[in-house]
Structures are given as C-alpha cells and as structure tokens.
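Each chain, written out:
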Amino acid sequence: MKPGNLSKLLTDLNEVQREAVLYEGGPLLLLAGAGSGKTRVVTRRIARMIATGVDAHSIVAVTFTNRAAREMRSRIEDLLDEDAMQGLIVSTFHALGARFLRQFADRFGRTERFSIYDEEDQQAVLRATLQACGAPHSAVIVKAIERAIDLAKNAGREAEEASLPPSDMPLDMRQVGRLYEEALQRADAFDFGDLILRPGLLLSSDESLCVQFQHRWPRICVDEFQDTNAAQYRWLKCLAPVGSDLLVVGDDDQSIYGWRGAEVGNIITFPDAYPGARVLRMEQNYRSVGHILTAANSVIAQNHQRLGKDLWSLLGEGMQVELQACRDGRHEAFWVAERIQSLCADEGYALGDVAILVRANHLTLDFEQALNCLGLRYVVVRGRSFFERACVQDAIAYLRLAHNHRDDIAFLRALKSRSRGVGAKSLERLSKAAMEAGVSLYEAAQSSVKGLQRKAQSGIGDFLKILESYPQEGPLHERAHKLFQAADLLDEQGLLESDEEERQNAENIKRLLTYIETFVEENPGATLDDFLERVKLIGEADVAETSGGAVSMMTIHAAKGLEFSVVFVVGMEDGLFPSARALKDGQIEEERRLCYVAMTRARQRLLLTWAQKRQTFGEQRKCEPSRFLFELPEEVILQSAELGRLAVLHQKSKTAETRVALEPKRRDDDWDAEWKVQNAVQNRDVESQLSDRPEENFEPLPWSDEALYADAQPVEMGFEAEVLQVQKKAPSGWQPGARVFHVQFGEGEVTSIAGGDSCTAHVAVRFFNGVEQTILRRYLSLIDG
DNA sequence: AAAAACTATTTTTTT
DNA sequence: AATAGTTTTT
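Residues numbered from 1 in each chain as written. Chains lettered and ligands numbered in written order. Predicted model: local features only at pLDDT ≥ 70, side-chain atom pairs only at ≥ 80, totals over all residues. Heavy atoms only, no water.

Engineer: Can you walk me through the protein's contact with DNA strand B in this structure?
Structural biologist: The immediate surroundings of DNA strand B are formed by 29 residues, with R359, N361, H362, G421 and R581 found nearest. Among the atoms of DNA strand B close to the protein, meaning within 4 Å, 50% are from sugar or phosphate groups. H94 places a side-chain nitrogen or oxygen 2.9 Å from a base oxygen of DNA strand B. Here a base oxygen of DNA strand B sits 3.3 Å away from a polar atom, N or O, in the side chain of R260. Broken down by element, the surface near DNA strand B gets its largest block of residues, three residues, from helix 20 (residues 424-437). (Near = heavy atom within 4 Å. Polar contact = N/O pair within 3.5 Å; in protein donor to acceptor, adjacent residues only side chain to side chain. Helix = DSSP H or I, 4+ residues; strand = E, 2+ residues; numbered from the N terminus.)

Here it is, written out as structure tokens:
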C-alpha cells in the first residue's frame, strides 16, 4: 500500500460519503444522486478494505458497462498499489456470467468453448428453427420472438415461458422455446440472457455450490443497482445472503433500462429483501451549477414512481439553460456547430469539453456533417459499429467456427460469405442431414451428403479445407491471419485492381487483425475464446475514453456515468424524445428519467434544441417540442425569442383538444395514425400562427436555406465510427493553401483570408476550374489535402 | 446458383 | 434514405 494512504482515503468526503466508506454493519443501500460522488465512495471503500488487510480476492465489484468497470478499476488503482489489487474482480454482470459458465459448462451440456450468441445470432437460430418446422419466419415474427425470449430470460424465466405479444399468429411458444434451447445446446452456445439467467438458476438449485460462492466473495458491490433485472437480482441474492457485506449503489431516477427488463422495484424494495440494511442518501451534487440542477429537478419531479430527492450544489447558479428552436434538423445541426465554435472562441471551452447527446443513434448524421463543415473535430461514441460491418462479421464467423465447430450460425455465415456453388437447396439438404444424424452442420458437411450436386459438394469441401488450415499453435493474430488468408478475405495482391468495396473490405479485415494483435499485446496469454468473448461483450465505445480535443457525440444511454462542461441535448421533440414508442406504450416516466440523465451530465452549460420539422423515414415531418421542455421552470431558461413561442405553444397545449390525443391515457394501437392526423392539425395551426407574426416568432436565420444546404459537404458516413477514431480534419483550418470545396465551383485552394466570425468571414479562393473569387467562408467547406 | 431487381421495413436505447 | 429480405431474371 502506498504510504499514508489510509488516512487519505477519508479526505475530501462529506459526512454521508464517509459513513458509506466506513460502514461495516452488513447490507448497505446507497442512494446516490447524479454527480454525488458515487464512484469516489465505492472506490475509496474498496481501497480502504484492501488497505486495512482484507484479501482482494474476497471482493467482487459488479458494474453494467465495461467502461464503468474499467473506470472503477483504474480509480482504485490510483489509490492502491497494483499488486495490492491482485485478485480483485471488477466486472460486468455479463462477463462474470460468462466466466461462471465456462467453469460449469458441463452442467448445462456445454463445453468451456461455448459460443456467445447476440441478438442477431439468436434471430438466425429462430429463423432456422421456424423454417425447419415449416412455420412462418418473417423478420417481424423472428424479432418479436427473440425479444420475448430475451425479456423472459431477463425476468428469470426460460424461453419456453416467454409470452408473445398478442397476435393472430398461431404459434406454440412453448414448442418454439424448446426447439430454440435445443438448437443453442447443439451449437454449444449460450445467448446473452443465459449469461445472467443460468448462473442464478444453477446457484439457486445447488445449495452447496451456493455456499461455496458465498465464501468465495464475502464482499460484494453492485453499481447502478437500479438497472438490475430479476435474473440478476436472483443471482445476487444467492451470492449475498442476508446480513452479508453487500453494497448496492444506485439512483431510481436514473433507471433507463426498463426495456431490458430492469426493475426499479429492486432498489426500492431492497430494505425488505435485506432487513436491517442501512440506507444512505447522497443528494449533494458536485458536478452541475444551480440552474442546471433546478432544471433537472423540475423535470424529474413530474415522475410519480420515485423515492423522491432533490439535488443541490454549492457551485453557484451558473448560466441559464439555453433553449433553441430550429427550422429543421439541418439548421439545428448547424446552430449547434456554430454555438460550439463560439463557446470555444469566446468562453474558453475546448472541443473536448463539449458533448452532443442524442436519443437515438441515427440523429448523429446531421451533426457529423455540420461539425465537418466547420472543421470541428468530433468523435462518435457508438456501440460497436466496426464489428457490425458485414465483412468483419464474416471474418469473425470463421474464427468462431474454427474455435467451436458446432457453432451452426457461424457455419452458415462463413459459408454464405462467398459464392461457393452452395445454394438454398444444398443448404436445405445439408441441414436435413445434420438434423437426422443429430450432429452439427460442420460435422454433417464432413460426411458425404446424399443428393448434393457435385458443384455444391466441392464447394463445401473447399470451405472445410479453409477451416482446417487454422493453425493450432502460434500467436492469435498470426493464426487469424492464416485463416483469413486461406479464406481469401485479405485479397492481398488484388488491392489495386479490385473495386472500391472489395478494397474497403480488405482494409476492414486488416484492421480486425490489428485489433486482435493489440488485444493479444494487452492481454498476454489470451485465447481465441477470450477474444471472441470480448468481441461479443465489449463494444468499441468502451475503448473510447478521453476524446482528447474533440466534441463527443453519443446516445444518452451511452453518456450515463459521464460528465461534460458543455452539454447539448438535441432532437427534443415529441415522438423522438420522448420516443414515439414510449408515447404509445405509456413509458413516459422512463423517458423522463432519460431526460434527467441527459441534463445532469452537464457541469456548466446546458443547451437544449429541437427542430420544427425533421426528416424521418425519408419524408419531412413537422415536429412538436418535447413535452419535457414544458416542464422546465421559466426562470432558468435563457430568455430568447423562442421562449415566447414556446409559451404560446404551451398555453395552447393546455387548452386545445388536439393535445388530448397525445396523452398517454389515450394510448391504443392506432396511436401512430392518430399522431399523424393530429400532427397535421397542429401543423396547420403552427403555420398560421407563424404567418401571422413571422418576425417575432422566428429568429431570422443568419443564412439562407440555399447556403445552408449548399454548405453541407457530402461526407462519407460510416468510416468515422472507428474504434473511437478522431476525425482528421484540415489541420490548420482556414489558412492560405487550405483545400476547400464549393458547391458551384468545386474544389479550390485558399489564397487569402479576411477576418470575421464563421458567418461573415470572407476567403479568397483560386478554384481548380480557373475561377478566382472572394467568397463567404460559410459557403465553403474544408477538405483534406 | 448467382446476380439483379424489387419490396417492405425501419428509429430507440445495450450487455 | 438506407437496408435487409424476397422475388425474378439470367
């Protein structure tokens, strides 16, 4: 232990925090509001245990995301020597489950090499299963069943017990569920839900094993407890008997995973499950300025199902919350980009201080373009976009199959990734043969299948040869390299002649190899098993971390647990946030919690935007401001022309009968149709209102529509979703020599520049088509040289 | 069996 | 608008 640390572990703590760190009287529920220093308490508590002689092996800390796990580990590391931490487990529920199941795989008819199936794999299993029974297997049905199975497992039940949403489709869920489980077992695979469900089931049915584990980890800490589902809770109850040293930390107001089976009830009833549990509340916020907290408190106060709390801070009121109405999605994006620019130029913020939070991933597109146009670096923190690419998945399928020959889904994926003369008919014959022999596709393919065309037969033979080429020895990345080479995924010689798409694919495969190499370097001795598990359980977002000097863009879900000096919450429209789905299903409270989470990410500046129309499903649709905006107290909103407009809408919303249709109580199946109708009605109203007093209601835009749209440089999307890759932009920005693009004149080179802000600055450009012209800077976009 | 043309569907959110 | 899945054509 680092000298003198024991006392340091208690410094800078308020009274409640200190008690939470020191408490030793058994179960402890820590209700920790946003920004209340929860991680600090947990890490100090664990560090202190270890520093006072507790064996690190006896402690396990469970988090929900890998990022949280890593953060917790590194913060404990800051407090202790690394060797003191030896044996300490900080892990997600899912990783812990996978680890557990590897150990007890034989109890479930699996081997320790089992595959982990994500929802795509699950759907593939279901599709094949339904197809085999001749049942309908459309994407909609498959999806619905998959979701039902997932929900069932999250709720601690088996797939057979899943309940399908009522439909006219006659489907025996019990049978489908049974067949699904059989298919998983045949494939030596567990699905995501199993990683949680199975450990809990095994422990609760095996008394002695349960006791064994209770001795293994007498000290348990669970982060984000409000997000636990029934299956997780059952497992936890086995591990932590009543009276044990169990710390659960959470905030019912930040429960945003209800759709994944999370039950807020777990945190609310915790004291009942663990009688005598100490309950501590942390309401002092160390993150946000007063106005932001007031705004967030005011929104979340509209919820009924909550324990109730009010955050306060000593940081002063700070700036007011800015509210901006925009004409459409693109205008919104440009407004935000401009605002970021001015915050950096005038108020000393750095790009890395800024985050743009969205409700759904697809909203990031417009913002990427706008930031690109202004040459602002940004980073999109997205789940796992790289691994989602088709060609990468294909390559991984080869690896999966090489590792687990019984992984039928991987077999199909890898086989179909290339034209091999094996079509639907042949596949049908093959799977029939496999079914009859009770073996995997791989095994069936090894013996000769009757009725196969010669071409198909040889195609399958070639395919098997590829897999046999996988070396059993050597470093992981080299073995993968050999395999990909054999599978002709790398296309090494044909890089130049082959078409663009193929080249891209080969690039991706190379990147995958680099990724594997890095993984091996970081985790010496790691097996293919470890790598595949990592690919399944860890998104790239986790690799993220400090975005350096770039604006961060991510979903609100991904932003949980993070904080930024400046936060933009964009797309604040009814039907988007709250989402149409939530509106339909009456899930408004969870959406409001999501809004609360978003707002409480901000330290100093919070800016909320919405667009009056937005392109959805390929068509422009009028939008209404999010109902959450009406829940903001007026006094914390920055006075602007928009406020008057909002107030008018607000007033109207209270009286007009049109609003009634939007209320959750009117929820029924044709909500969407109703929404459209009402939207049309309201649009007309808004339109007439605007045409009455356009100048007062509408802040005149600093640019024309044409300029706005012309300015948007068409960017190739997708590539920036690198492993948290920072956008490479023209490094020096607007300087003589910079390459620029103009919609009319094409590409050119900057010859001189004149000052002004992004709206008024002029730039002289010599275009490559011969034209020389001084032009408003905003009509130009920087491009890479 | 493979490629091309056509169609329905999608936008929550993530381990 | 983009894509995944399905049907038709080659």
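Engineer: I'm lost on the packing of aromatic side chains in this one. Help?
Structural biologist: For any two aromatic rings, the description comes down to two numbers: the centre-to-centre distance and the angle of the planes. This model, assessed by the stated rule, comprises 21 aromatic pairs. Ring centres 5.8 Å apart and planes at 85 degrees place the aromatic pair F108 and F190 in the edge-to-face group. Remark: F190 occurs in strand 5 (residues 189-191) and F108 occurs in the loop between helix 5 (93-103) and strand 4 (115-117); sequence separation between them is 82 residues. Accessibility assignment for this pair places F108 and F190 in one class, buried. Through a chain of ring-to-ring contacts, the aromatic side chains of F64, F93, F100, F104, F213, W217 and W235 assemble into a single cluster. Geometry around F114 places R102 over its ring, the cationic atom sitting 3.9 Å from the centre. Cation over ring: R110 sits above F190, and NZ or CZ is 4.2 Å from the ring centre. (Phe/Tyr/Trp six-rings, centres within 6.5 Å; stacked < 30°, edge-to-face > 60°. Buried < 20%, exposed > 50% of the residue type's maximum accessible area, 1.4 Å probe, protein only. Lys NZ or Arg CZ within 6 Å of the ring centre and 35° of its normal.)

Engineer: Please clarify how the sheet that holds strand 7 (residues 245-250) should be interpreted in this entry.
Structural biologist: Hydrogen bonds along the backbone pair up the strands of a sheet, which may run parallel or antiparallel. An order of 3-2-6-7-1-8 is seen for the six strands of this open sheet, with the pairing classed as parallel. The open sheet has two edge strands with one neighbour each: strand 3 (89-92) and strand 8 (278-282). On average, each strand axis in the sheet is inclined to that of its neighbour by 15 degrees, with strand direction left out of account. Across the face of the sheet, helix 2 (residues 15-22) comes into contact with strand 1 (28-32) and strand 8 while running at roughly 145 degrees to strand 8. (Pairing = 2+ DSSP bridges. Axes fitted to C-alpha atoms, helices over the stretch in contact; angles between N-to-C directions. Contact = heavy atoms within 4.5 Å.)

Engineer: Help me understand the packing of helix 2 against helix 3 (residues 38-51), please; the structure alone is not making it clear to me.
Structural biologist: Where helix 2 contacts helix 3, the two axes come as close as 8 Å, and the packing angle between them is 40 degrees. Crossing hand, helix 2 versus helix 3: right-handed. Packed against helix 2, whose contacting residues are Q17, A20, V21 and L22, the element helix 3 presents V41, R44, R45 and R48 at the interface. Of the residues belonging to the contact of helix 2 with helix 3, the class tally is four nonpolar, one polar and three charged. (Left-handed = near helix turned anticlockwise from the far one by under 90°. Nonpolar A, V, L, I, M, F, W, Y, C, P; charged D, E, K, R; others polar.)

Engineer: Just to check I follow, could you spell out the environment of L323 for this structure?
Structural biologist: Relative to the assigned elements, L323 resides in strand 9 (residues 322-328). Judged by relative accessible area, which is 6%, L323 ranks as buried. Residues L323 and D585, spaced 262 residues apart in sequence, show a C-alpha to C-alpha distance of 28 Å.

Engineer: What should I look at first to understand the protein's contact with DNA strand C in this one?
Structural biologist: Surrounding DNA strand C, one finds R127, Q615, F617 and G618. Taken together, the residues of the surface near DNA strand C break down into one nonpolar, two polar and one charged.

Engineer: Whenever I open this one, the environment of V551 confuses me. Can you help?
Structural biologist: You can see V551 is positioned in strand 12 (residues 551-555). C-alpha separation for the pair V551 and I50, spaced 501 residues apart in sequence, amounts to 38 Å.

Engineer: Could you clarify how one ought to interpret helix 4 (residues 66-79) in this entry?
Structural biologist: Owing to its 3.6 residues per turn, the α-helix brings residues three or four apart onto one side. End to end, helix 4 covers 20 Å across 14 residues, agreeing with the expected 20 Å (1.5 Å per residue, within 8%). Inspection of helix 4 places N66, R67, A69, M72, I76 and L79 among the buried residues, and these make up the whole buried set. (Expected span 1.5 Å × (residues − 1).)

Engineer: I'm lost on the nonpolar core in this one. Help?
Structural biologist: Grouped burial of nonpolar side chains is what soluble globular proteins tend to show. Of all hydrophobic cores here, the largest spans 52 residues; its most connected members are L399, F484, L512 and F531. Ranked by the residues each element gives to this core, the list is headed by helix 18 (residues 390-403), at nine residues. In this structure, L512 is in contact with F386, F387, V392, A395, I396, F484 and F531, ignoring residues within four places of it in sequence. Among the nonpolar cores identified, the runner-up in size contains 46 residues, and L323, F577, L594 and F628 belong to it. (Core = buried A, V, L, I, M, F, W, Y, C linked by side-chain atoms within 4.5 Å.)

Engineer: Quick question: what am I supposed to make of the pairing of strand 2 (residues 59-63) here?
Structural biologist: Looking along a regular strand, one sees the side chains alternate between the two faces of the sheet. When you tally the buried positions in strand 2, you get five out of five residues, the bulk of the element. Of the two faces of strand 2, the one carrying I59, A61 and T63 and the one carrying V60 and V62 are both buried. Both strand 2 and strand 6 (residues 219-222) contribute to a ladder of four bridges, which runs parallel. By the bridge assignment for strand 6, V60 is matched with I220. Bridge count between strand 2 and strand 3: four bridges; the pairing is parallel. Within strand 3, the residue paired with T63 across the bridge is T92. Once you follow strand 2 into helix 4 and on to strand 3, the crossover reads as right-handed. (Right-handed = clockwise from strand over helix to strand, strands pointing away.)

Engineer: In this structure, what is going on with the pattern of salt bridges? I would like to understand it.
Structural biologist: Across all of its chains, the model carries 38 salt bridges by this definition. A salt bridge links E533 to R102, with the shortest nitrogen-to-oxygen separation between them at 3.1 Å. Taken as a pair, E533 in helix 25 (residues 528-537) and R102 in helix 5 lie far apart in primary sequence, 431 residues in all. Like E533, the residue R102 is buried in the burial classification. We note a salt bridge from K536 to D121, for which the minimum N-O separation is 2.7 Å. In this pair, K536 is assigned in helix 25 and D121 in helix 6 (residues 119-132), connecting sequence segments 415 residues apart. For the pair K536 and D121, one class covers both residues: buried. Connected via shared salt-bridge partners are K153, E158, E181, D191, D194 and R198. (Salt bridge = Lys/Arg side-chain N within 4 Å of Asp/Glu carboxyl O.)

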